[in-house]
Amino acid sequence: MVSVEATGNLERRMRVEVPAERISKEIENRLRRVGRTAKIKGFRPGKVPEKVIRQRYGDQVRQEVLSEMLQTSYSEALQREQLVPAGGPRIEPEKVGDDDGLAYTATFEVYPEVQLKDLDDIALSRPVVEITEADVDDMLENLRRQKAEWESVERAAGEGDRVIVDFQGSVKGEPIENGKGEKIPVVLGEGRMIEDFEKALTGVSAGDEKTFKVKYPKDYPAEELAGKKAEFSAVVHVVEAEKLPPLDEELAKAYGVEEGGIEQLRKDVEANMRQELEGRIKADLKEQVLEGLLARNPLEVPDALVQQECQSLQRDAMQRMGVEDPEQAPALENFREMAERRVRLGLLMQELISAKDIRLDQDRLRARVEEMFADYDQSEQLVSAYLGNQDFLSRLGPVVLEEQAVDWLIGNGRVEEKQVAFNDYMQAP
């Protein structure tokens, strides 16, 4: 006997009752099977009296039967009521016994009914970006700066120079915690120090001693300093100018280009820029289309799934942080917002894949594997080996299938193209 009550939008309370006769019959059948093979001193196998078998094995068999009957009846009840739990049930026994039968309630959450809407109404802004000669020149200039050297100069410091200083900061006469530094390099105009600090060092020369005031921004990360005025004293050790290496074959070799010199480096740089640009545009469109999918399809999700996702995110965070002690782990609640979003997206994407009959593209799967191992030695052998690894493919396949679903959404959205400069687009937050 089964009855189901909805105690929430997704929560169900199911009462299951198993007749005493069914339990007793299963116990008797199992005791008889045990009696055929039981080895008890003083009796031949298969000849042990029923009373002895019951005394020796009765309690054990009864517990096994009740446990299995609970699991079996729960599965049967779910199938009968056509319910799919989103997590394990909370079981509350009502009666458990040979004479009384088995009765219990199981409380659990079910998956929500997903009905996708407005898939053709998702507005997307596709950036149209041209990589110009000037953009490549800027990137080569950045590469030069990465190999730059610093030379001491006998003049006042200006923008772009590096100043080596000792400093001490205080607020109302009290030293600032971690507000002291010795022989700290400060590149003027780089913006790594607060603006007032860098301005005060502009124009100083080696050997100068200077006292100046600094106002911390209101949004400064250290709350005890945000919006406050401080006084700093500084001693200048050295003023240095940046010396860039020439654009020549040696610079190309420094970046792994053995043949073709600076022209080949330029081609490689442009190819890398194009690859990064394509990846950025792809990620940008994906984020837009997923946000649009979420906005047009609000969905209540089972808390059981959210909790599982929170735990997964927590484990990932602990691994990144190198934390092994569970007591030192970030609080689960910190991950709840992200977990809810992931669960919603997962359910919506599953429904999209099913509703639109999107099937895994084997050529795309192979291309993804080839891309993963393109830079490895013996890449062909690795690709062949991993394409034959079903465990690996079972993890990669859903990723590729989701990419296909995202492409379907982008292809069916309302796309508006927008011209944007390469540097503006790549440097945007």
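Residues numbered from 1 in each chain as written. Predicted model: local features only at pLDDT ≥ 70, side-chain atom pairs only at ≥ 80, totals over all residues. Heavy atoms only, no water.

Enquirer: An account of the overall build of the protein is requested, with residue identities and associated values reported.
Expert: Helix and strand counts for the protein stand at 12 helices and 11 strands. Seen through its principal axes, the protein has C-alpha atoms that stretch 110 × 60 × 50 Å. Burial analysis of the protein (429 residues in total) assigns 35% to the buried set. Taking all contacts inside the protein whose residues are at least 6 apart in sequence as the whole, residues at least 24 apart take part in 68%. For the protein, the exposed surface amounts to about 27,400 Å²; the carbon and sulfur share of it is 45%. (Helix = DSSP H or I, 4+ residues; strand = E, 2+ residues; numbered from the N terminus. Buried < 20%, exposed > 50% of the residue type's maximum accessible area, 1.4 Å probe, protein only. Contact = heavy atoms within 4.5 Å. Areas by Shrake-Rupley, 256 points an atom, 1.4 Å probe, with all protein chains shown as cover.)

Enquirer: Explain the packing of aromatic side chains residue by residue, including any values.
Expert: Here the structure, examined in full by the defined rule, presents 10 aromatic pairs. Plain terms: the ring middles of Phe197 and Phe212 are 5.4 Å apart, the flat faces sit at 80 degrees to each other, and that makes the pair edge-to-face. Here Phe197 is found in helix 4 (residues 195-201), whereas its partner Phe212 is found in strand 9 (residues 209-215), with 15 residues between them in sequence. Side by side, Phe197 and Phe212 carry an identical accessibility label, which is buried. In this structure an aromatic cluster arises from ring pairing among Phe167, Phe197, Phe212 and Phe232. Above the plane of the ring of Tyr255 lies Lys147, whose end atom (NZ or CZ) is 5.0 Å from the centre. Between the NZ or CZ atom of Arg280 and the centre of the ring of Tyr425, over which it lies, the distance is 5.1 Å. (Phe/Tyr/Trp six-rings, centres within 6.5 Å; stacked < 30°, edge-to-face > 60°. Lys NZ or Arg CZ within 6 Å of the ring centre and 35° of its normal.)

Enquirer: So what's going on with helix 1 (residues 20-37)? Which residues, and what values?
Expert: Under the 1.5 Å per step criterion, the end-to-end length of helix 1 is 27 Å for 18 residues, consistent within 8% with the ideal 26 Å. Buried residues of helix 1: Ala20, Ile23, Ile27, Arg30, Leu31 and Gly35, and no others. Projected down its long axis, helix 1 carries its buried residues within an arc of 145 degrees, all on one side. Residues Glu21, Lys25, Arg36 and Thr37 are exposed on helix 1 and point more than 90 degrees away from its buried face. (Expected span 1.5 Å × (residues − 1). Arc of directions from axis to C-beta.)

Enquirer: Give a detailed account of the layout of surface pockets, specifying residues and quantitative values.
Expert: What the largest pocket holds in volume is close to 340 Å³. Of all the elements in the fold, those that place two or more residues in the lining of the largest pocket are helix 6 (261-296), helix 7 (303-321) and helix 8 (336-355). Among the elements that make up the lining of the largest pocket, the one with the highest residue count is helix 8 (eight residues). By residue class, the composition of the lining of the largest pocket is eight nonpolar, three polar and six charged. (1 Å grid on protein atoms, 1.4 Å probe; cavity = no way out; pocket = protein on both sides within 12 Å on 5 of 7 lines; lining within 4 Å. Points joined across faces, edges and corners; volume = space filled by probe spheres on them. Nonpolar A, V, L, I, M, F, W, Y, C, P; charged D, E, K, R; others polar.)

Enquirer: Give me the pattern of salt bridges: which residues, what numbers.
Expert: Considering all chains together, one arrives at 34 salt bridges under this definition. Here Arg144 makes a salt bridge to Glu141, at a shortest N to O gap of 3.2 Å. Here the residue Arg144 and the residue Glu141 both occupy positions in helix 3 (residues 133-146), the gap between them amounting to three residues, near one helical turn. Arg144 gets classed as buried once you look at its relative accessible area, which sits at 17%. Glu141 sits in the partly exposed class, given a relative accessible area of 24%. (Salt bridge = Lys/Arg side-chain N within 4 Å of Asp/Glu carboxyl O.)

Enquirer: Describe the pairing of strand 1 (residues 2-6), and please don't skip the residues or the numbers.
Expert: For strand 1 and strand 2 (residues 11-18), the ladder comprises five bridges, and the chain directions are antiparallel. Its bridge partner being in strand 2, Ser3 is matched across the sheet by Arg15. Linkage of strand 1 to strand 2, two consecutive antiparallel strands, is achieved through a turn of four residues. (Pairing = 2+ DSSP bridges.)

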